[in-house]
Every structure is written in structure tokens, then in C-alpha cells.
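# Fold and geometry: a report
Residues per chain are reported as follows:
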Amino acid sequence: PGADEIAPHGQRIDLEPGVRERFVEITLERGLRIRGRVEGPAGKPAAGVAVTLRGSSSGSFINTSTDEEGSFTAGPLASGEYSLQASAGEHIRSETVRASTGDQDVVLRLAVGPRGVIHGRLDGARSPSTGWAELTRRDDPTWSYNAEITAKGEFDFTGLGPGRYDLVVRTN
């Protein structure tokens, strides 16, 4: 494969004290591409939509955007699971896909929908309490969003996609 088809590769190498040289063999593989199409709420192609991919095991981010036909391509990518998020204005959609060595390119269709908001307030505190609220997605534990708790004990999470979330509150 050409250089533009090789998947990124990382490997930890330990060099012990006193060792001056070490032989390392690296096997490169053809990278996968994730292709998709983003549609607006009316089912029409959505141009200029930001698409973010996050590798579940590596935590790496890849940003791209859709063309005039609402299509996007990301890659070459290493094998693994990727969380995709398409966002445009007040609309958002997230999906998780698995791509493995030997797979054909993954094709995904995302239809963006309205974003959600979670507002909260701590009740029962003896005095004004500050701290942090952390929101994580149940289907993607690597995804998290932090919000500061105000002196009134209030917090907000905005721009959320559909899904199930867990909330953890830490006060000072």
C-alpha cells in the first residue's frame, strides 16, 4: 500500500539501563476508512457538518467535515472501535462503530437531530456548595463532560446527543 493508506501505529519500547541498542520489528497494516453521510432533520444532505471520531482504546481524535453532498471520509485508521459525532448548530448525532483489520471500509449514515440539555441543582446542602458535575455516556465510557457547580449549587450540560448518561457530583 501507498503511504497515504497506512494506518497510524504506536508501540511502546522499553530500553533498560545499560542497553545501548534494541532491534524492533514493526508490521504496518493498510488503514481502514470510515465513510458516511450526514442528513439533516428533513432527510436532505447536510453540508459543512463537523464530524469527530474518537478511538475508544487510543483516545485519539480525528476531525473532518461533510462536503456538499453531506458525505465524509476519515482515515486511514487503525483497527478498533470509534465513536462518531456529527454536529451542526443546534443538532447533533452520535454512533459507535467497530472497524477491524480485513474489513471493508465502514459506511455509516447519520441523521442529525436536536441537541439536549441537562440542568441540575443540589438540594439539601447546608451552605452554598461548589464543585464539579461529571457526565459520562453509558454506551461510550471514554466520553465525559464536566460542568462547574455554581455557588447556588446549579450546573448545566448543553449540546447533548440522544443517549443514556451517568452523572457524578463532587462538591468542595
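Up top is the structure.
The paragraphs below set out a description of the structure included in this document. Note that this is a predicted model, so its numbers are computed, not measured.

Before going further, it helps to spend a moment on the overall build of the protein. Per the secondary structure count, the protein includes zero helices and 13 strands. Scored against the burial criterion, the 172 residues of the protein give a buried share of 31%. Counting only contacts in the protein whose residues sit at least 6 apart along the sequence, the fraction spanning at least 24 positions is 55%. Accessible surface computed for the protein: about 11000 Å², of which carbon and sulfur atoms make up 48%.

Attention now moves to the environment of aspartate 139. Looking at where aspartate 139 falls in the secondary structure, it is placed in the loop between strand E10 (131–137) and strand E11 (140–149). Judged by its relative accessible area of 45%, aspartate 139 falls in the partly exposed class. Residues aspartate 139 and tyrosine 165, 26 residues apart in the sequence, show an inter-C-alpha distance of 8.4 Å.

Moving on, we come to the pattern of salt bridges. Here the structure, examined in full by the defined rule, presents three salt bridges. Where arginine 170 meets glutamate 134, a salt bridge forms, and the shortest distance between an N and an O atom there is 3.3 Å. With a gap of 36 residues between them, arginine 170 in strand E13 (residues 165–171) and glutamate 134 in strand E10 connect regions that are remote in the sequence. Among the ionic pairs, arginine 138 bridges to aspartate 166, the shortest N-O distance being 2.8 Å. Taken together, the residues span a long stretch of sequence, with arginine 138 in the loop between E10 and E11 and aspartate 166 in strand E13 at a distance of 28 residues. Under the relative-accessibility criterion, arginine 138 is labelled partly exposed at 46%.

Counting twelve residues, the largest nonpolar core consists of Ile34, Val38, Ala46, Val49, Val51, Leu53, Phe72, Ala74, Leu77, Tyr82, Leu84 and Ala86. Elements that contribute at least two residues to this core include exactly strand E1 (32–39), strand E2 (50–55), strand E4 (71–77) and strand E5 (80–88). Ile149, Phe155, Phe157 and Tyr165 belong to the second largest nonpolar core, which has nine residues in total.

Calculation notes
- Residues numbered from 1 in each chain as written.
- Predicted model: local features only at pLDDT ≥ 70, side-chain atom pairs only at ≥ 80, totals over all residues.
- Heavy atoms only, no water.
- Helix = DSSP H or I, 4+ residues; strand = E, 2+ residues; numbered from the N terminus.
- Buried < 20%, exposed > 50% of the residue type's maximum accessible area, 1.4 Å probe, protein only.
- Contact = heavy atoms within 4.5 Å.
- Areas by Shrake-Rupley, 256 points an atom, 1.4 Å probe, with all protein chains shown as cover.
- Salt bridge = Lys/Arg side-chain N within 4 Å of Asp/Glu carboxyl O.
- Core = buried A, V, L, I, M, F, W, Y, C linked by side-chain atoms within 4.5 Å.

Treat this as a map of the structure, not an account of what it does.
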